[in-house]
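Spelled out, the chains give:
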Amino acid sequence: MSLGVAVIGAGMAGRAHAAAYRNAPTLYSSVLPDIRLVSIGDVSAEFGSLAAKRFGYERSDTSWQAIAEADDIDVVSVVVANSLHREIVEGLIAAGKHVLCEKPLSDSLTDGRAMADAARNADTVVRIGFTFRRAPGVAAIRELIQSGTLGRVLHVSGRYWTDYASDPAAPISWRFKGAPGSGALADVGSHVGYLVEFLGGDIVEVNGGRFATVIPNRPVPLAAVVGHGLAAVSDTFEPVENDDYAAFTARFASGAVGAVEVSRVAAGHPNGLQLEVFGENGAAKWDQERPAELQVMLNEGPAATRGFRRVIVGPAHPYVAGGLPMDAPGVGLGQNDGFVFQARAFLEEVAGIPESESLPRCASFDEGVHNMEILAAVSESAAQGGASVTVPSVNEAVAR
C-alpha cells in the first residue's frame, strides 16, 4: 500500500503542510505505508513549481481539478483562501480523495454546513486542521485540567496578537476582503476559539463583541503576494472590508467564563498567541513565542513562596516521547512541529492505523462548523452593540 499526497496552495501555510507530509513518516515508529509526495497545486505556476522542488514533490499543478482527477493522488490538503474551500473540498470528496482542510472551514456558515454534510457522507477521511491542539505545552495544560490538578476551571484567557498587517503599506489581499468577522477574528481568532474550548470546554454564549478596522485602505500590489509578505505596491488603494481587531467574552458550559482578544496590527508581536487558565487549585499559561515551555502555579506551600514556575517541555509531556528525533527536554518545539504532528495523525487515520493515546485524531468538519458558529455569534454580538448571543453545541450545529 502507498499513499500519494498533494497540497493545494503554495503559500506560507501550504508550505507548512507540504513539509509536514515529508516529515510525518519520521515521527514515532515506522507504521505508515509508503508516502509519495506527488503534487503542489497553485494558480501561480511559478509558486507551485518552486514549492514542489523545495519540498521534494514530483510535480506541480495549476488547478485543483487536475489534482482531483489524478489517479496517483489519494490525500490532499486544502490551504487556500477561505472562500474557495467549499468548491475544492466538495470536488475532492466527489473524486474519492482524503481531505485535510485548513481552518476556518469556510467564509460562510452556509458553505461550512454544506461541507460538513459532504464530509459526513464521504467514504473517505475528511478532517480540519486545528494545529495548535497538538502543541505539547497546550496539551500539557489540558492534562493538568483533566487530571484535576488545577481544580475546577474558573476562567480562561486567550489572545492572539499578530503584526502582519500593522504596516499601512502592507498590500491588499483576500485576507482584507469580506464582512466584519472575516478578518482578524476568522484568521487568528478561529485558533483561539478552538483552543479556549480545548481547555475550558464548550462555549455556550458570547457577549461584548467588538470589531475595529484601524487601517481603512491598503495599496494594490504589483505582483502576487505570498502569505503575509510585503510586495511592491501601486499608488492605487482599495478599502479594507473586515476587522483588524476583535474581542469578546465567553461563558462555558461548566459555568466558567473567559475573554478573547485578537489583532493583526499588534506591532512587535509576529505570532503572539497566549493562553492562560485559572482554576481553584492554581493556574497555568502558555505562550507561542516561547512554545517549548509552560508556566504553572499551584496553591501549595507557604503563600510567601507561591508563584508561577517555568516548566520545560520534554518527554513527560504529550506527543514528545518516542516521536521527535530528539525527544529530550530543552530541545525546543514550534508551530512547524505542530503541522508534522497533524499530518502524521491524519495519515494514520487514512491508513487505518488504530488511534493511539499519544496522537489523537484530527478534528471533524462538524467541529469546524461549531468553531464557525462561535465566530458568527461574535459577529452578531458586535452588530448588536455587544449583546449576548447563544452558541449552538456541536450536535445542534449538525442538526441545523
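Scroll up to find the structure.
Cut-off values and rules
Residues numbered from 1 in each chain as written. Predicted model: local features only at pLDDT ≥ 70, side-chain atom pairs only at ≥ 80, totals over all residues. Heavy atoms only, no water. Buried < 20%, exposed > 50% of the residue type's maximum accessible area, 1.4 Å probe, protein only. Helix = DSSP H or I, 4+ residues; strand = E, 2+ residues; numbered from the N terminus. Pairing = 2+ DSSP bridges. 1 Å grid on protein atoms, 1.4 Å probe; cavity = no way out; pocket = protein on both sides within 12 Å on 5 of 7 lines; lining within 4 Å. Points joined across faces, edges and corners; volume = space filled by probe spheres on them. Nonpolar A, V, L, I, M, F, W, Y, C, P; charged D, E, K, R; others polar. Contact = heavy atoms within 4.5 Å. Axes fitted to C-alpha atoms, helices over the stretch in contact; angles between N-to-C directions.

### Looking at the pairing of strand 13 (residues 272–279)
- Burial within strand 13 is extensive, with 6 of its 8 residues counted as buried.
- Bridge analysis of strand 13 against strand 14 (residues 282–287) gives 6 bridges, and the strand direction is antiparallel. Paired with Glu276 across the two strands is Lys285, which belongs to strand 14.
- In textbook terms, the turn of a hairpin is the stretch between consecutive antiparallel strands, and for strand 13 and strand 14 this stretch comprises 2 residues.

### Re empty space enclosed by the protein
- Per the stated rule, a full pass over the model turns up 3 cavities of 30 Å³ or more.
- In this structure, the largest cavity occupies an estimated 100 Å³ of space.
- Along its surface, the largest cavity is lined by 15 residues, and Ala135, Pro136, Gly334, Gln335 and Gly338 are the ones closest to its centre.
- For the lining of the largest cavity, the secondary-structure elements that each account for two or more residues are helix 6 (136–146) and helix 8 (335–350).
- It is helix 8 that provides the largest number of residues to the lining of the largest cavity, a total of 4 residues.
- Broken down by class, the residue content of the lining of the largest cavity amounts to 7 nonpolar, 6 polar and 2 charged.

### Section: the layout of surface pockets
- Put simply, the second largest pocket is a space of about 240 Å³.
- In terms of lining residues, the second largest pocket is bounded by 15 residues, among which Asp107, Ser108, Gly181, Ser182 and Ser379 are the most central.
- Ranked by residue count, the leading element in the lining of the second largest pocket is helix 9 (residues 365–383), at 4 residues.
- Counted by class, the lining of the second largest pocket contains 8 nonpolar, 6 polar and 1 charged residues.

### Structural notes on the sheet that holds strand 15 (residues 293–298)
- Read across the sheet, 9 strands follow the order 16-15-14-13-7-12-11-8-17 without closing on themselves; strand pairing throughout is mixed. Strands at the two margins of the open sheet, each flanked by one partner only, are strand 16 (309–312) and strand 17 (389–390).
- For strand 7 (residues 153–161) and strand 12 (residues 257–263), the ladder comprises 7 bridges, and the chain directions are parallel. Following the sheet pairing, Tyr160 is matched in strand 12 by Val262.
- With respect to the sheet, helix 7 (residues 184–200) is in contact with strand 7, strand 8 (203–212), strand 11 (245–252), strand 12 and strand 13, its orientation differing from that of strand 12 by roughly 155 degrees.

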